[in-house]
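Remarks on the overall topology
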There are 4 protein chains.
Amino acid sequence: MAKRLPDHLMAGYNSFIAKRLPGERQLFRELADKGQHPKTMVIACCDSRTAPETLFDCAPGDIFVVRNVANLVPPYEPDGEYHSTSAALEFAVNSLKVEHIVILGHGNCGGIHAALSPSAEPLSSGDFIGRWMSLLDPAAKAVGANELMTGRERQSALERIAIRYSLKNLRSFPFIAALEAEGKITLHGAWVDISSGALWAMDPESGDFSMTTEE
Amino acid sequence: MAKRLPDHLMAGYNSFIAKRLPGERQLFRELADKGQHPKTMVIACCDSRTAPETLFDCAPGDIFVVRNVANLVPPYEPDGEYHSTSAALEFAVNSLKVEHIVILGHGNCGGIHAALSPSAEPLSSGDFIGRWMSLLDPAAKAVGANELMTGRERQSALERIAIRYSLKNLRSFPFIAALEAEGKITLHGAWVDISSGALWAMDPESGDFSMTTEE
Amino acid sequence: MAKRLPDHLMAGYNSFIAKRLPGERQLFRELADKGQHPKTMVIACCDSRTAPETLFDCAPGDIFVVRNVANLVPPYEPDGEYHSTSAALEFAVNSLKVEHIVILGHGNCGGIHAALSPSAEPLSSGDFIGRWMSLLDPAAKAVGANELMTGRERQSALERIAIRYSLKNLRSFPFIAALEAEGKITLHGAWVDISSGALWAMDPESGDFSMTTEE
Amino acid sequence: MAKRLPDHLMAGYNSFIAKRLPGERQLFRELADKGQHPKTMVIACCDSRTAPETLFDCAPGDIFVVRNVANLVPPYEPDGEYHSTSAALEFAVNSLKVEHIVILGHGNCGGIHAALSPSAEPLSSGDFIGRWMSLLDPAAKAVGANELMTGRERQSALERIAIRYSLKNLRSFPFIAALEAEGKITLHGAWVDISSGALWAMDPESGDFSMTTEE
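Residues numbered from 1 in each chain as written. Chains lettered and ligands numbered in written order. Predicted model: local features only at pLDDT ≥ 70, side-chain atom pairs only at ≥ 80, totals over all residues. Heavy atoms only, no water.

On to the interface of chain D and chain C, then. Taken residue by residue, the interface counts 100 residues in chain D and 97 residues in chain C. Summed over both partners, the interface of chain D with chain C comes to about 8,300 Å²; 62% of that surface belongs to carbon and sulfur atoms. On the chain D side of the contact with chain C, D:Arg4, D:Tyr82 and D:Phe128 bury the most area, a combined 11% of that side's loss. Linking chain D to chain C there are four salt bridges. Close ionic contact of D:Glu53 with C:Arg67 constitutes a salt bridge, the shortest N to O distance being 2.7 Å. If one sorts the elements of the side of chain D that touches chain C by residue count, helix 1 (residues 7-34) of chain D sits on top with 16 residues. Residues that form the side of chain D that touches chain C fall into these classes: 48 nonpolar, 33 polar and 19 charged. (Contact = heavy atoms within 4.5 Å. Buried area = accessible area lost by both parts, 1.4 Å probe. Salt bridge = Lys/Arg side-chain N within 4 Å of Asp/Glu carboxyl O. Helix = DSSP H or I, 4+ residues; strand = E, 2+ residues; numbered from the N terminus. Nonpolar A, V, L, I, M, F, W, Y, C, P; charged D, E, K, R; others polar.)

Structure follows, in structure tokens:
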């Protein structure tokens, strides 16, 4: 059986079975019987260092999670094509009726780095990353042109701008805008410094980010 | 600051800071300095009960994770549109050079359920879930038409069929097919029973699923 | 006598006499007899919240301090005019032979704010602040044009850019450049978050700033 | 990180963090939120022995501080050039609306010593100190010619003359003269004996200095 899944995953699964499942077996059973009712949807990056369940110490059932490169929400486009993130939004908001949506960005994001390095060779002839990150093109150009900032500062600036852009796009979905107007859903921005684990939260008024903890 | 993020996330973050971060601070720092080098990419569902980091007891840096509704991989479509999942695949395979891709399905999947209930009202006028799950249309129709199976059996059958469909689509990406032919990447299917936590792995030859451990 | 100096200064002076001077009387006497030999020069802002002696808990004799609005070093201009900051640099480097020069910037800087608000009325017909902050004009324009950043982010970016600009100007002084080339003087950048007291130090290679303490 | 800032400053910062910041954390936060409102501006010397925050035991937010060599105020010159000290004056008076300006001189001043030693080699080819101290040329010549006074007496005399000269220059700024006429701002002279810590205050009528406290 070992060959059917990577060894490190099987080892991790055995650890889950031994250490965590016993305490949550009842919870899993109830969540299967009664269905999931997460209060919060999190849109996070695929990055291996930014699992929201780790950062927020989540139990099963706590958060409904989309993960795509650079935690982007594309604009509302009801064009009959399939849209992965929009489908998840529709399901979370209209079926599960989540009360919060959190865009969770992070430092050292490879997707944001790619957006700021437009001259790089595409990763494949399909240039899927290039197309995906082109959602940020105007912002990436504006930030990338500022040579007075260091590369890291440009990266950090675009990471925050991208979160605000995704929040704006969330509001372009009529069903989200309507629920927000009624006070039934709240949109949040957050950013995690993966070098220290420090979580920064966005001020909903100003769009500024500040650390949630004091040293 | 509490109002900037949902209370339950802040409570979880404080728990992470107090209990988990101290033991992983050095790891986070190294992963920030040296970059991520996950060996495995996992494509899982947004469902709040199926966090792969929980199921596989992952440390930061272990797995690169896409999460969309019903853990689907669409077919290769280099059409210049933006494709969230394809972008993540391209990045994981060609930039991070992962050695494994795991499609992780699960029981009680709401997306699969929607695919089997085609007459339901769309969740919004954009019908994003309807469009997204239409990727499974031929399979959903074939399974749905089989009235000899119970509703639960049809659901479970389509969950497995969908995993094999995504594995087939993975192989439609030329760069993945090439690496698999060279033995540099391995594709896996898995399914988790959320009512018990039991993990089922797919036999790569037959496509059958069987439980990885006895309880 | 109270009218000769503001009451709050006299109260503070009496506190100095009562609490601090007894422990440092001998030090003051020696420093008067033998002259000052500070190892470090600090160029800081006039801001009432950024006294370097407070931040670095300095004893008398520790640091030679210039304070001007926005802690700027103008470029080398040996034009026969009087230049306050250049005179202090010349004295510190060539007479006192300091081994370090630190440019100490800070958050919420009023001068930087003025540089980013060029349309504001001059504070007097002489427009001294406008002229002084015009040293940063190109940078202020580049940063100010980025409307995707919040006002606070633009401010923070320019605060850091200004520190790097002053470091560059320091190196335009031939006597500083020569001593740095010989390894006899080291130039540093730092920035303090006045809302938390957190000190950020500049990486001399990349120009990036990072916090000096972990929470 | 230690290499990024001089060791003695990092040690001092750690002492600040451990001993002083805890008691002033709330004050720093309020000063960041509400802005600075110092009642007093102090123009002091760069000398490492004359930090006004030490001498007046100041809390953050108490005083707005210019420090240049020999605590000089140049005359009002609205010539479109950049003037460090005039810019700070304009900002303190017209933006922060300070109620007091204190010129704080001191004994053993290296700049005053240089003004009295005109034949000395310039400290660099730019002769920035020579030019800066030339603001005092007529006074320095008059005092220097008086061979009946000892060198130390000449130095001490010029230190006081320079304070009165700076006060006169302060009044050459139209916006300061106007506010003083309205009773909205008060100008002060002070001098500190760095060998004993004794503070001398200037009588605003006569220009005489006398000690503020007996030892």
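Let us look at the pattern of salt bridges. What the rule picks out here adds up to 26 salt bridges over all chains. With a closest N to O distance of 3.0 Å, B:Glu182 and B:Lys184 form a salt bridge. Accessibility classification places B:Glu182 together with B:Lys184 in one group, the exposed group. A salt bridge links C:Arg20 to C:Glu24, with the nearest nitrogen and oxygen atoms 2.9 Å apart. Here the residue C:Arg20 and the residue C:Glu24 both occupy positions in helix 1 (residues 7-34), the gap between them amounting to four residues, near one helical turn. A relative accessible area of 13% places C:Glu24 in the buried class. (Buried < 20%, exposed > 50% of the residue type's maximum accessible area, 1.4 Å probe, protein only.)

The subject of this paragraph is the packing of aromatic side chains. In this description, an aromatic ring pair is defined by two values, namely the gap between the centres and the angle between the planes. Per the counting criterion, the structure on display carries 36 aromatic pairs over all chains. Between C:Phe128 and D:Phe173, the aromatic rings sit 5.8 Å apart at their centres with planes inclined by 55 degrees, giving tilted as the arrangement. You can see C:Phe128 sitting in helix 5 (residues 128-133) and its partner D:Phe173 sitting in the loop between helix 7 (151-170) and helix 8 (174-181), one on each of two chains. Relative to D:Trp200, the ring of D:Trp191 lies with its centre 5.9 Å away and its plane at 85 degrees, an arrangement referred to as edge-to-face. Judged by relative accessible area, which is 23%, D:Trp200 ranks as partly exposed. By the ring-pair criterion, three or more aromatic residues cluster together here, those being A:Tyr76, A:Phe173, A:Phe175 and B:Phe128. Between the NZ or CZ atom of A:Arg160 and the centre of the ring of A:Trp200, over which it lies, the distance is 5.3 Å. (Phe/Tyr/Trp six-rings, centres within 6.5 Å; stacked < 30°, edge-to-face > 60°. Lys NZ or Arg CZ within 6 Å of the ring centre and 35° of its normal.)

Of all hydrophobic cores here, the largest spans 122 residues; its most connected members are A:Ile101 and C:Ile101. Contact partners of C:Ile101, with chain neighbours within four places excluded, come to C:Met41, C:Ile43, C:Leu89, C:Val93, C:Leu170, C:Ile176, C:Ile185, C:Thr186, C:Leu187 and C:His188. (Core = buried A, V, L, I, M, F, W, Y, C linked by side-chain atoms within 4.5 Å.)

The next thing to look at is the relation of the copies chain A and chain B. In the superposition of chain A on chain B (RMSD 0.1 Å, axial shift 0.0 Å), the rotation amounts to 180 degrees. Such a turn and shift between the copies fits a two-fold axis. When each C-alpha of chain A is compared by its distance to the rotation axis, A:Arg67 comes out closest, at 2.3 Å. Counting the interface residues of chain A, we find that 99% of their copies in chain B are interface residues as well, pointing to one common contact surface. (Least-squares fit on C-alpha atoms with pLDDT ≥ 70 in both.)

A separate point is the packing of helix 3 (residues 84-95) of chain C against helix 8 (residues 174-181) of chain C. Residue and element names in this part refer to chain C. Where helix 3 contacts helix 8, the axes come no closer than 10 Å and their chain directions differ by 35 degrees. Classified by chirality, the crossing of helix 8 by helix 3 is left-handed. Packed against helix 3, whose contacting residues are Leu89, Glu90, Val93 and Asn94, the element helix 8 presents Phe175, Ile176 and Leu179 at the interface. For the contact of helix 3 with helix 8, a count of residues per class yields five nonpolar, one polar and one charged. (Axes fitted to C-alpha atoms, helices over the stretch in contact; angles between N-to-C directions. Left-handed = near helix turned anticlockwise from the far one by under 90°.)

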